[in-house]
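Coordinates in review
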Amino acid sequence: MGTGNKVEMVIAICAVVTSALAVFIAWDQGRVMRAQQHGSVYPVLQLNGYTSTDPEVREIGVVFRNSGVGPALIESVDVFRDGEQVESLIPYRDALPPGYSFSWTSMVGRAIAPGETLDALNFSWPVGQMSHAEMDAAAQDWGGLTMKICYCSVFKRCWNVEGLAQNSPAERVKSCKRSEQDIIEGLSTVKRPQDLQNQELE
């Protein structure tokens, strides 16, 4: 092989190596940029149950808070007790002492902004209508529930997080399947007058 051919071969090899390095650098820069993009909109969803024995009111409720830096897009809300899925919270609502005021917020499909806190549900009684014993019993009943939320970032990175009876750090998942029904919204169902009459007859 002549000297000229050797030089051409070396030049060709250098060109291939240079091209490969350029491709790698471009890929790495793209990866870093994607990581920065995801990090700039990373949601951290937390949910907590609470009770309050304010001098004027007794309260039981659940709050959602996004402690991250990007919106949390909630896709599903599931509730469990002792590892088994709870299909409705209405029996828990109906077991509460009467006389409460009730507020709720539909959560499935909702976006929670960074730093935002939402009352997903709240029951409140005037202080004279609920004893400490009733409050403790209600808190224990609702405190036995675990709420599992699947939520995503705007870039479709998704996580599961659990709260209430037990709290766990968010776990990354491939995707979320949107709930067909919102179990919290289902609490807005009001008993029909005939149902109340039937209960009285029993």
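Just so we're clear, the structure is a prediction, and the values are computed from it rather than from any experiment.

1. Structural notes on the layout of surface pockets
Approximately 350 Å³ is the volume found for the largest pocket. Class assignment for the residues of the lining of the largest pocket results in six nonpolar, five polar and seven charged.

2. Section: the packing of aromatic side chains
The full count for this structure, using the stated rule, is seven aromatic pairs. Geometrically, the ring pair formed by tyrosine 42 and tryptophan 159 is edge-to-face, given 5.3 Å between the ring centres and 75° between the ring planes. In this pair, tyrosine 42 sits in the loop between helix H1 (3-40) and strand S1 (45-53) while tryptophan 159 sits in strand S9 (residues 158-164), placing the two residues 117 residues apart along the sequence. We classify tyrosine 42 as partly exposed; its relative accessible area is 38%. Three or more aromatic residues joined by ring pairs form one cluster here, namely Tyr92, Tyr100, Phe102, Phe123, Trp125 and Trp142. Of note, arginine 172 hangs over the ring of tryptophan 159, and the distance from its end group to the ring centre comes to 6.0 Å.

3. Observations concerning the environment of glycine 83
Its location among the elements puts glycine 83 in the loop between strand S3 (72-81) and strand S4 (84-86). Along the sequence, glycine 83 and threonine 146 sit 63 residues apart, while their C-alpha atoms lie 8.6 Å from each other.

4. So, the pattern of salt bridges
For the structure on display, the rule yields three salt bridges. Among the ionic pairs, arginine 81 bridges to aspartate 141, the shortest N-O distance being 3.8 Å. Taken together, the positions of arginine 81 in strand S3 and aspartate 141 in helix H3 (residues 132-143) put the pair 60 residues apart, joining distant regions of the chain. In this structure, the salt-bridge partner of aspartate 94 is arginine 93, at a minimum N-O distance of 3.0 Å. On the basis of relative accessible area, aspartate 94 is assigned to the partly exposed category, the value being 34%. Take arginine 93: its relative accessible area is 7%, and that puts it in the buried class.

5. As for the confidence of the model for the protein chain
Per-residue confidence for the protein chain gives a mean pLDDT of 80; residues scoring 70 or more make up 72%. Counting interchain partners and residues more than four positions distant, the pLDDT-below-50 stretch residues 34-39 has five contacts. Counted against residues more than four places away or in other chains, residues 192-202, with its pLDDT under 50, gives two contacts.

6. Quick look at unusual backbone geometry
A positive phi angle, close to 55°, is found at aspartate 82, a residue other than glycine. Along the polypeptide, aspartate 82 turns up in the loop between S3 and S4. Of note in the backbone geometry, lysine 156 takes a positive phi value of approximately 65° without being a glycine. As for its position among the elements, lysine 156 is in the loop between strand S8 (145-152) and S9.

Rules and cut-offs
- Residues numbered from 1 in each chain as written.
- Predicted model: local features only at pLDDT ≥ 70, side-chain atom pairs only at ≥ 80, totals over all residues.
- Heavy atoms only, no water.
- 1 Å grid on protein atoms, 1.4 Å probe; cavity = no way out; pocket = protein on both sides within 12 Å on 5 of 7 lines; lining within 4 Å.
- Points joined across faces, edges and corners; volume = space filled by probe spheres on them.
- Nonpolar A, V, L, I, M, F, W, Y, C, P; charged D, E, K, R; others polar.
- Phe/Tyr/Trp six-rings, centres within 6.5 Å; stacked < 30°, edge-to-face > 60°.
- Helix = DSSP H or I, 4+ residues; strand = E, 2+ residues; numbered from the N terminus.
- Buried < 20%, exposed > 50% of the residue type's maximum accessible area, 1.4 Å probe, protein only.
- Lys NZ or Arg CZ within 6 Å of the ring centre and 35° of its normal.
- Salt bridge = Lys/Arg side-chain N within 4 Å of Asp/Glu carboxyl O.
- pLDDT = per-residue confidence, 0-100.
- Contact = heavy atoms within 4.5 Å.

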